[in-house]
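# Summary of structural features
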Amino acid sequence: MDKKIVILLGAAGAIALLVLFFLSSGKEKTKKVAKTEETEEFLNTKNFSGYSDTMYPDAPSPFANADAEEEAKSLWPTAIKSVKDDAHREKVREEWRDFASKYPKNIYVLNEYRAPLTEKEAADRRSSLDSFTSVDTYFFRETAKLRSAEIGKDPAAAPKDAGVTSDQQRAYFDYKIKEVESRIELIQYAREQKGLSSDQDGIADRDIAQWKKELEDLQKVSKTVPNI
Amino acid sequence: MIILEIVRNKKIENLKKGNVLKMFKIFLTLFALFVSSISAQTKAELFARPGVIGDSLSQGFFGVNVEKKSQEWAYPVIVSKQAGSSVSYNILKGPYLNFEDVLKGDCGPICMASSLIGGNASTVQLPTHAGITGADYSNVLKTSGKCEDITATKQVRQWYWATWYWYTFRWVTAPDCQSPDKFHQYGLRDSGTQMEVMEKVKPTFLFGSVGANHVLCTALATSTSCLDEPRFKRDIREVMRRMSAIGSIKGGILFTVPNVTAIAYLESYTDPQGRANYSGLKAFYRSTVSNPDEVLDKTEIQTITTFLTMLNNEIKAQAAAMGFALTDAKVMFDDIKENGRPVRSSDGYSPGNARANWPLLNQPGIFGLDGVHPNMYGHAVMSNELIKAINVKYNTNIPQVSEYSAWYNDSLNRNPVDLKKFLTNTILGQVISWLIGIFA
């Protein structure tokens, strides 16, 4: 009886071994994390022992464990590499100062590169943001409805009720016009500084042509807003 | 003598028993190896060629941009890597801008300009990951990298010789190909629609969730007018029918859509004058409400909840019909909203539970600065929930990602930006305009 069990177990083991051999040959080599094809050196993370920012100073580095470090670099290679240092930030500040001096009214310039706002100016900005986003959302909502309209069927005529006041609409157009102008200025500045890649030059040409047309339309229609 | 004989027999018996035990242990070990090998085999077969259809979540949209960094941390890329496989995709460098980098002073006007017009950092012949920002199941079927709607047609004149002396025309139906948005242009290029890409890729495993934008529009537009149940049902069913017809898919995963009225983009608002239709949920950046359209009131929230239940039931039914794994992301998100998500290192350190918000001072969070999309840490959380569901469904052993490591290496969590301190910056109106334009 005992002998039989031994033989049976032995046979089962041998079969399992055989199956195991056939299944694993030529199949995946299991690894916790597939290595990325990145061969680039992790410049910023060479000897990376912790995040550079000062918040959570007690947070232990997960990289104390070599596997964890390998996993992180495999999963998030660019995010880890893109941690910026002070020298980079100073260069960016210098760019902003230069850009803001050339285009002081550009809407993309952050407050820190402008004269400090008074309380009233800050309140006006909040109010403008409310007004612009309200009208903008209204138009996105309405155009979304029109986009799903039946093919071949004409859209309804403009409703008698405008849905927005003329002041709101004027402020909306003002912001839109400033924004498109600012966008064009940004691209032109980047071009002057040779900051666009060659493939982006063609895209920039097409975009600027389209934005100029959009700007023309906005300027034209904004003049038709009644003074009521 | 007899006693000696008995002792000898006992020893032999014990020896035999010992052998049996040993053999049994060997058998158990072999059996365990056998089972894990089958599991590895299943994983290898499943993930031989993963394919992805999807939206901003799968493409790695991150307030308000798609770029290499954020594409790498998107859930299909992470889950595939953890499964020992990979997906290929066109790498974008915009459009729009990484608002975190701008506000932190990491991206100046030149970087901003480059990101604003966007383009491809690198491309592949045929992506296996075709998820595109702003897409829903209708876009999966209709929007390619070249045409907003490949089924759209128009009437054009076709000139021909009617007789040897008479040149005339007849009206014929021709494709009406309007340029799609830049996310589709750069993400799909000339590969076709997301559906057509999958039909060419013939994936073995499908990341098939594209449901969120059928309902997210309500939160961003604070309106229920974009809800369209027949279109959603028709198109998800058609997508799954065509996926089944491919014949190569051995498994996949779908997830339900979280409660979009609970995202960080929206916050409670009570009208000072007590008007019901002026109270409810407003966009976080709005300081006042001057119009009922600027809030989701109680009735609208109920309409969205009902729609969401219908949508998630359909997703669950499709997952079951396709034999796919299912992650109930709605339940997961509700739990994070209620209890937070513990962030803890292997040696017990915790910065606190992550909240369903963008990170704030000493408070980890799962969202990016738009209050709609997850940050790098949030994607790791999402990936782990997907991995758990895949492991249960297919008996695989895909390892989870270290959420602590994701938090530790997430720049927004480690160095938070409180967006509410930037509301007087003139750039913000346009950032919100892009966001609403993509998702509303």
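Rules of the game
Residues numbered from 1 in each chain as written. Chains lettered and ligands numbered in written order. Predicted model: local features only at pLDDT ≥ 70, side-chain atom pairs only at ≥ 80, totals over all residues. Helix = DSSP H or I, 4+ residues; strand = E, 2+ residues; numbered from the N terminus. Buried ≥ 20, exposed ≤ 12 C-beta atoms within 10 Å, placed from the backbone. Contact = placed C-beta atoms within 7 Å. Pairing = 2+ DSSP bridges. Axes fitted to C-alpha atoms, helices over the stretch in contact; angles between N-to-C directions. Expected span 1.5 Å × (residues − 1). pLDDT = per-residue confidence, 0-100. Parallel < 35°, antiparallel > 145°, perpendicular 65-115°, else oblique. Nonpolar A, V, L, I, M, F, W, Y, C, P; charged D, E, K, R; others polar. Domains from an automatic or database assignment.

It is worth spelling out the overall build of chain B at this point. When you go through chain B residue by residue, the secondary structure sums to 17 helices and 12 strands. Within chain B, the proportion of its 440 residues that are buried is 55%. Residue pairs in contact within chain B that sit at least 24 positions apart in sequence constitute 69% of those at least 6 positions apart.

Across its full length, chain A holds seven helices and zero strands. Helices and strands in chain A line up, N terminus first, as α-α-α-α-α-α-α. Within chain A, the fraction of its 228 residues that count as buried is 19%. Look at the contacts in chain A between residues 6 or more apart in sequence, and 73% of them connect residues 24 or more apart.

A few words now on the sheet that holds strand 10 (residues 280–283) of chain B. Residue and element names in this part refer to chain B. Spatial strand order, 9-10-11: three strands in an open sheet with antiparallel pairing. Looking at strand neighbours, the two that pair on one side only are strand 9 (266–269) and strand 11 (295–296), the edges of this open sheet. Relative to strand 10, strand 9 runs antiparallel, the two being bridged by four bridges. When the sheet's bridge partners are listed, Ser268 is paired in strand 10 with Leu281.

Residue and element names in this part refer to chain B. Spatially, 2-3-4 is the arrangement adopted by the three strands of the open sheet, whose pairing is antiparallel. Only two strands of the sheet have a single neighbouring strand rather than two, namely strand 2 (65–67) and strand 4 (120–122). With strand direction ignored, the average angle separating the axes of adjacent strands in the sheet is 20°. Where strand 3 (residues 91–96) and strand 4 come together, two bridges link them in antiparallel fashion. Each bridged residue has a counterpart across the sheet, and for Leu92 the counterpart in strand 4 is Asn120.

The subject of this paragraph is helix 12 (residues 298–322) of chain B. All names here are of chain B. Compared with the 36 Å implied by 1.5 Å per residue over 25 residues, the 36 Å span of helix 12 between its first and last C-alpha is a close match. Turning to helix 12, its buried residues number three or more, namely Glu300, Ile304, Phe307, Leu308, Leu311, Asn312, Ile315, Gln318 and Ala319. Structurally, helix 12 contributes buried residues whose contacts are with helix 10 (213–220), helix 11 (229–246), strand 8 (251–255), strand 11, strand 12 (325–327) and helix 13 (329–339). Following helix 12 by one or two positions, Gly323 adopts a phi angle in the positive range, close to 70°.

Overall, the prediction assigns chain B a mean pLDDT of 93, with 91% of residues at 70 or greater. Two summary scores accompany this predicted model of the complex, namely pTM at 0.86 and ipTM at 0.86.

Residue and element names in this part refer to chain A. Running from amino to carboxyl end, helix 5 (residues 119–147) crosses helix 6 (residues 166–192) at an angle of 95°, the nearest separation of the two axes being 9 Å. In this view, helix 5 runs roughly perpendicular relative to helix 6, as classed from their interaxial angle. Here Ser128, Ser131, Phe132, Val135 and Asp136 of helix 5 come into contact with helix 6, specifically with Gln168, Gln169, Ala171, Tyr172 and Tyr175. Across the contact of helix 5 with helix 6, the residue classes break down as five nonpolar, four polar and one charged.

Quick look at the domain arrangement of chain B now. Residue and element names in this part refer to chain B. You can read the domains of chain B as domain 1 (43–145 + 182–439) and domain 2 (147–179). Taken over C-alpha atoms, the centre of domain 1 sits 40 Å from the centre of domain 2. Partitioned by chemical class, the residues of the side of domain 1 that touches domain 2 number no nonpolar, four polar and one charged.

As for its position among the elements, Pro258(B) is in the loop between strand 8 and strand 9. In this structure the C-alpha to C-alpha distance between Pro258(B) and Asp334(B), which are 76 residues apart in sequence, comes to 7.5 Å.

A cis amide bond links Gly63(B) with the next residue in sequence, Val64(B), at an omega value of -20°. At the junction of Gly94(B) and Pro95(B), the peptide bond is cis and its omega measures out at 25° in the coordinates. Tracing the backbone through its elements, the reader meets Pro95(B) in strand 3. Not every positive phi belongs to a glycine, and Lys194(A) is a case in point at roughly 55°.

With that settled, consider helix 6 of chain A. All names here are of chain A. Spanning 27 residues, helix 6 covers 39 Å between terminal C-alpha atoms, matching the ideal 39 Å at 1.5 Å per step. Among the residues making up helix 6, those that are buried are Gln168, Tyr172, Tyr175, Lys176, Glu179, Val180, Arg183, Glu185, Leu186, Ile187, Tyr189 and Ala190. Directly beyond the C-terminal end of helix 6, a positive phi value near 55° is found at Lys194.

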